[in-house]
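Chains, contacts and geometry: an overview
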Amino acid sequence: MKHRNQVFDNVLELVGNTPLVKLNRITSKFEGDFYAKVECFNPGQSSKDRIALYIIEEAEKKGILKPGDTIVETTSGNTGFSIAMVSIIKGYECVLAVSSKSSPDKIDMLRTMGAKVYVCPAHVSADDPRSYYQVAKRIHEELKGSVYINQYFNQLNIDAHYNSTGPEIWKQTEGEITHLVACSGTGGTISGTAKYLKEQNPNIKVIGVDAFGSVIKKYHETREFDEKEIYPYRIEGLGKNLIPGATDFDVIDQFVKVTDEESAHTAREIARTEGMFVGYTSGAATQAIKQLGEQGAFKKGDKIVVIYPDHGSRYMSKVYSDKWMSDQGFFDSQNEAAAQSIQY
Ligand code: PMP
């Protein structure tokens, strides 16, 4: 492993080996020591760099990809950015089918990173030929040698974290980690990391973070898909309205649900108290720790590691906009809104 003060051949050499940073204030009223695995130190500013690089390199090893071939995925989020970045360095075409709900900023960002972006209508069902799932599938089928990342159903998503995030945390805590707390979207991060850590020490508690409006927690408890659990929510990146094949429910001990509102306030609190400008789901994961802490889940000597998946800059028009917070009804009063920011 190279250290950051050395010279690198390209940005991909900087994927992984992210720092573990102690939380000094936001969790200080609870027993135990808390550490954040700060994934925005990846070159694409999120944990998704790990899966993009891993899945593409596995395809190269199997001889599926050669220079000039195409990588396909259906995302406008962190994974799209990471795939675009890896494609530039390795000389692949990157095709992303995204929903027309995606913000113009995100689409511009992906195009800037060299991706070919197909904007597909958001209002059609998943099996409609115009949907972004079907468009991606068709491009993949038509292009020989293309790779479809398919992060929600790709076992390699789990393997990427089993081979990197898990061993890194084990080493960084010198084997003393007692709890892992991570948001679950595809489930790749929590499943791969937990699988590795539990192989080292089966007593490590693994806590997944889910959203109200998502089916994941209920499925974990009952192994039944309960449609009644599904309703719209605002946090992007955790929870789901389907059961992802990239989630290994057996390595997760418990799920905690968090609200949009409390997660948003906690994300802003991380910035103000720890000086870390991280994404909405970092707020959600820290909110889960607060809820568990209030219930006395942690004791002196515990070492709790929480995953902070991405950087705050991707949420400027959402959780870090006072106007957005007000529009959602997340400020109790005008005074609270004013107190959050210095008005000039
Ligand atoms: N936070 C953010 C911001 C994400 O984009 C994702 C990925 N959807 C997650 C958390 C959850 O990670 P995973 O997909 O590995 O469960």
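Residues numbered from 1 in each chain as written. Predicted model: local features only at pLDDT ≥ 70, side-chain atom pairs only at ≥ 80, totals over all residues. Heavy atoms only, no water.

Our working rule: UniProt positions are given in the numbering used here, feature names are shortened, and annotations may be inferred rather than shown by experiment.
The name an unreviewed UniProt entry assigns to the protein is Cystathionine beta-synthase, from the organism Algibacter lectus. UniProt, in the comment section headed Sequence similarities (unreviewed entry), describes the protein in these words: "Belongs to the cysteine synthase/cystathionine beta-synthase family." Per its UniProt entry, the protein bears the Cofactor (unreviewed entry) comment "pyridoxal 5'-phosphate".

1. Regarding the UniProt feature "domain: Tryptophan synthase beta chain-like PALP" (unreviewed entry) in the protein
Quick reminder of the rule: Per the convention used, a helix needs a DSSP run of H or I reaching at least four residues, while a strand needs a run of E reaching at least two, with both numbered from the N terminus.
As annotated in UniProt, the feature "domain: Tryptophan synthase beta chain-like PALP" (unreviewed entry) corresponds to residues 13-310 in the numbering used here. Each end of residues 13-310 is marked by a C-alpha atom, and these two atoms are 18 Å apart; helix forms 38% of the span and strand 17%.

2. Structural notes on the domain arrangement of the protein
Our working definition: For each domain, the first and last residues come from an automatic or database assignment. When two components associate, each loses some accessible surface as probed by a 1.4 Å sphere; the sum of these losses over both components is called the buried area. We define a salt bridge as a side-chain nitrogen of Lys or Arg found within 4 Å of a carboxyl oxygen belonging to Asp or Glu. Here a polar contact means two N or O atoms within 3.5 Å. Within protein one must be a hydrogen donor candidate and the other an acceptor candidate, and residues neighboring in sequence count only if both atoms are side-chain atoms. Only Asp, Glu, Lys and Arg are considered charged in this grouping, and only Ala, Val, Leu, Ile, Met, Phe, Trp, Tyr, Cys and Pro are considered nonpolar; every other residue, Gly among them, is considered polar.
Taken domain by domain, the protein consists of domain 1 (11-45 + 165-322) and domain 2 (47-148). Computed from C-alpha coordinates alone, the two centres of domain 1 and domain 2 are separated by 25 Å. For the pairing of domain 1 and domain 2, the buried interface totals around 1,300 Å² over both sides, and the portion due to carbon and sulfur atoms is 52%. With a shortest N-O distance of 2.7 Å, Arg 50 and Glu 39 are connected by a salt bridge. Applying the counting rule to domain 1 against domain 2 returns 9 residue pairs in polar contact (both at pLDDT 80 or more). In terms of residue class, the side of domain 1 that touches domain 2 is made up of 6 nonpolar, 9 polar and 6 charged.

3. Side note on the side chain of Lys 48
Stated precisely, the cut-off is as follows: Using a 1.4 Å probe on the protein chains alone, a residue whose accessible area is under 20% of its type maximum counts as buried, one over 50% counts as exposed, and one in between counts as partly exposed. We count Lys and Arg on the positive side and Asp and Glu on the negative side, and we leave His and both chain ends out.
Looking at the element boundaries, Lys 48 is found in helix H1 (residues 48-61). An unpaired buried charge is present at Lys 48: no salt bridge exists, and Glu 73, the closest side chain of opposite charge, is 8.0 Å distant. Side chain to side chain, Lys 48 and Gln 151 meet in a polar contact 3.1 Å long.

4. As for the nonpolar core
The condition is simple: The set of buried Ala, Val, Leu, Ile, Met, Phe, Trp, Tyr and Cys residues whose side-chain atoms join them within 4.5 Å is what this entry labels a nonpolar core. By definition in these notes, contact holds between two residues if any of their heavy atoms fall within 4.5 Å.
Ranked by internal contacts, the top residues of the largest apolar core, which has 38 residues, are Leu 23, Val 209, Leu 238, Tyr 280, Val 306, Tyr 308 and Val 319. Of all the secondary-structure elements, those providing two or more residues to this core are strand S2 (33-38), strand S7 (179-183), strand S8 (205-211), strand S9 (254-258), helix H9 (260-274), helix H10 (280-294), strand S10 (303-308) and helix H11 (322-327). No other element matches H10, which puts 6 residues into this core. Non-local contacts of Val 209, meaning those with residues more than four positions away in its chain, are made with Val 181, Ala 182, Cys 183, Ser 184, Leu 238, Phe 255, Val 256, Val 258, Ala 284, Ala 285 and Ala 288. Counting 28 residues, the second largest nonpolar core, distinct from the first, contains Val 86, Cys 94, Leu 96 and Ala 160.

5. Quick notes on the confidence of the model for the protein
Just so we agree on the cut-off: pLDDT measures the predictor's confidence residue by residue and takes values from 0 up to 100.
Averaged over every residue, the pLDDT of the protein is 93; residues scoring 70 or more account for 97%. Here helix H12 (residues 334-340) is the element of the protein with the lowest mean pLDDT, 58, and S7 is the one with the highest, 99. ipTM for the predicted complex: 0.99, alongside a pTM of 0.95.

6. Describing the side chain of Glu 168
Assignment of secondary structure puts Glu 168 in helix H6 (residues 165-172). A polar contact of 3.4 Å, which involves the side chain of Glu 168, links it to the backbone nitrogen of Thr 18. For Glu 168, the side chain forms a polar contact with the side chain of Lys 37, separated by 2.7 Å.

7. Points about unusual backbone geometry
A positive phi is found at Asn 150, a non-glycine position, where the angle reads about 45°. As for its placement among the helices and strands, Asn 150 is situated in the loop between strand S6 (147-148) and helix H5 (155-163). You can call Asn 150 partly exposed: its relative accessible area is 27%. Notably, Glu 174 is not glycine yet its phi reads approximately 50°, a positive angle. Position of Glu 174 relative to the elements: it lies in the loop between H6 and S7.

8. Things to note about the site of the ligand
Rules: A single heavy atom is enough: if one lies within 4 Å of a molecule or strand, its residue is considered near that molecule or strand. Per-residue accessibility takes into account occlusion by the displayed protein chains alone, with areas from the Shrake-Rupley method and a 1.4 Å probe.
By nearness alone, 14 residues border the ligand, and Gly 185, Thr 186, Gly 187, Thr 189 and Thr 281 come closest of all. Separating an oxygen atom of the ligand from a backbone N or O atom of Gly 185 is a distance of 2.7 Å. In this structure, Thr 189 approaches the ligand through a side-chain N or O atom, which is 2.5 Å from an oxygen atom. When isolated, the ligand has an accessible area of 390 Å², and the protein chains bury 93% of it. In terms of residue class, the shell around the ligand is built from 3 nonpolar, 9 polar and 2 charged.

9. Regarding the sheet that holds strand S5 (residues 116-120)
Selection criterion: Whether two strands pair depends on DSSP finding at least two bridges between them. For helices, the fitted axis covers only the stretch in contact; all axes are lines through C-alpha atoms, and the angles between them, taken along N-to-C directions, range from 0 to 180 degrees.
Spatially, the 4 strands line up as an open sheet ordered S5-S4-S3-S6, and their pairing is parallel. In this open sheet, the two edge strands, each paired with only one partner strand, are S5 and S6. As defined by bridge partners, strand S4 (residues 93-99) adjoins S5 across 5 bridges and the pair is classed as parallel. Each residue of the ladder has a partner; that of Val 98, found in S5, is Val 119. On top of the sheet, helix H2 (residues 78-90) reaches strand S3 (70-73) and S4; it is set at about 165° to S4, its chief contact.

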